[in-house]
Amino acid sequence: MLKGLPDASVDMVFADPPYNLQLGGDLLRPDNSKVDAVDDDWDQFESFAAYDAFTRAWLSECRRVLKPEGSIWVIGSYHNVFRLGAAIQDLGFWVLNDIIWRKSNPMPNFKGTRFTNAHETLIWAARSREQKRYTFNYDALKAFNEDTQMRSDWTFALCTGEERIKDEDGKKAHPTQKPEALLHRVMLAATRPGDVVLDPFFGTGTTGAAAKRLGRHYIGIEREETYAKVAEKRIKAVVPAAPEDLAVMGSKKAEPRVPFGALVEAGLLRPGDRLYCPRGEREARVRADGSLAHGDLTGSIHKLGALLDNAPACNGWTFWRYKTDRGFQLIDDLRTQMRAGMQ
């Protein structure tokens, strides 16, 4: 199915491939009851070589169907994530981050022979090293995180309670169902409303449910008919958010570039106008070419600001002020005004 998708047709891939756990036998609790572990046929591979060949095959197709500015997220545990990471780099992807999903309610190590396995790793990668652009909604994530830069360690609980999908017998419909909160954050970070998200290991449809709720399109590929039916029923019940509630915080980096000289051309500032340092103790004249002059010193808003502040660099947009009836105002306010007119 993946080979049948057109080249450069999806904006993001989220992949939760088989772990290849290589279990040596049943897992038992201290009371000898059996742990419902991942022992399904889809997680069985005859060797590491077979698993690596399978991994490179689907990753190669994912790279082909990604748009030039797309990205991929792959999640794994210690059993497989290092093999996944090597394949990702060997195939030409460029790793942007690894994210640690810290499980707030991990399953204990019943035998007491190892540390409790309390996290999984997500690898986020661009399509290539040469890729200059990819979607990263930095400002949206910062607002989401109470105006603090989002870190690379995320804490979510394993699926329990109502979120855990059960079959007709009351058993888990899928052994490795991911929390929808995890997919919500991934899509908030790396997609925009209307983008197409591909999940080649769709399972019970967590990616599709999150995509529908957030106004993204999705393509889900799942070979196990039982899982596919569960996913269809689950996604059908999802109520998407209203379009007006899906916009993400914009980044200044994505806004139209406005050189300082454009403010002079537009008449928002005129040659001869005075600009002032943050405390108003020094001033500079605006010149017709968009440069500033202070005595014998001349330069751009950034260069002259750095000279007067005796600093190696300066953001002139937040350094210089102009005088109004209401006091000093940042020249960056004029840039914002001009951008609004451009849009």
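Notes on the structure in this doc start here. In every chain, residue numbers begin from 1 and rise along the written sequence. Totals for whole chains, interfaces and linings use every residue, but because this is a predicted model, local features are given only for residues with pLDDT of at least 70 and side-chain atom pairs only at 80 or more, for both listing and counting. The side-chain figures draw on all heavy atoms in the structure; neither hydrogens nor water molecules are used.

## Focus: the overall build of the protein chain
Within the protein chain one finds 10 helices and 13 strands. Two things to know: the radius of gyration comes from C-alpha atoms, and the globule rule equals 2.2 Å times the number of residues to the power 0.38. For a compact globule of 343 residues, the expected C-alpha radius of gyration is about 20 Å, and the protein chain comes in at 27 Å, more than 25% above that figure. Projected onto the principal axes, the alpha-carbon positions of the protein chain cover approximately 85 × 45 × 40 Å. When accessible area is computed with a 1.4 Å probe and restricted to protein chains, residues below 20% of their type maximum are described as buried, those above 50% as exposed, and intermediate ones as partly exposed. Here the protein chain, with 343 residues, has 41% of them falling under the buried criterion. For the protein chain, the share of sequence-separated contacts (at least 6 apart) that also reach a separation of at least 24 residues comes to 66%. Values of accessible area rely on a 1.4 Å probe in the Shrake-Rupley scheme; residue burial ignores everything except the protein chains shown. Accessible area for the protein chain stands at about 19,400 Å²; split by element, carbon and sulfur atoms hold 49% of it. Under this rule, positive means Lys or Arg and negative means Asp or Glu; His and the chain ends count for nothing. The atom standing in for a charge is NZ when the residue is Lys, CZ when it is Arg, CG when it is Asp and CD when it is Glu. Computed over 48 positive and 47 negative side-chain charges, the inter-centroid distance for the protein chain is 5 Å. What counts as a helix is a DSSP run of H or I of at least four residues, what counts as a strand is a run of E of at least two, and both are numbered from the N terminus. Two residues form a contact once any of their heavy atoms are found within 4.5 Å.

## So, the nonpolar core
Residues Val13, Trp58, Leu59, Ile72, Val74 and Leu198 are the most contacted members of the largest nonpolar core, which totals 25 residues. Contributions of two or more residues to this core are made by β1 (10–15), α1 (48–65), β2 (66–76), α2 (81–90), β4 (119–126) and β6 (196–199). Ranked by residues supplied to this core, first place goes to α1 with five residues. Residues in contact with valine 74, not counting those within four places in the same chain, are Ala15, Pro17, Trp58, Leu59, Leu84, Ile88, Thr121, Leu122 and Ile123. In this description, a nonpolar core means a group of buried Ala, Val, Leu, Ile, Met, Phe, Trp, Tyr and Cys residues linked to one another through side-chain atoms lying within 4.5 Å.

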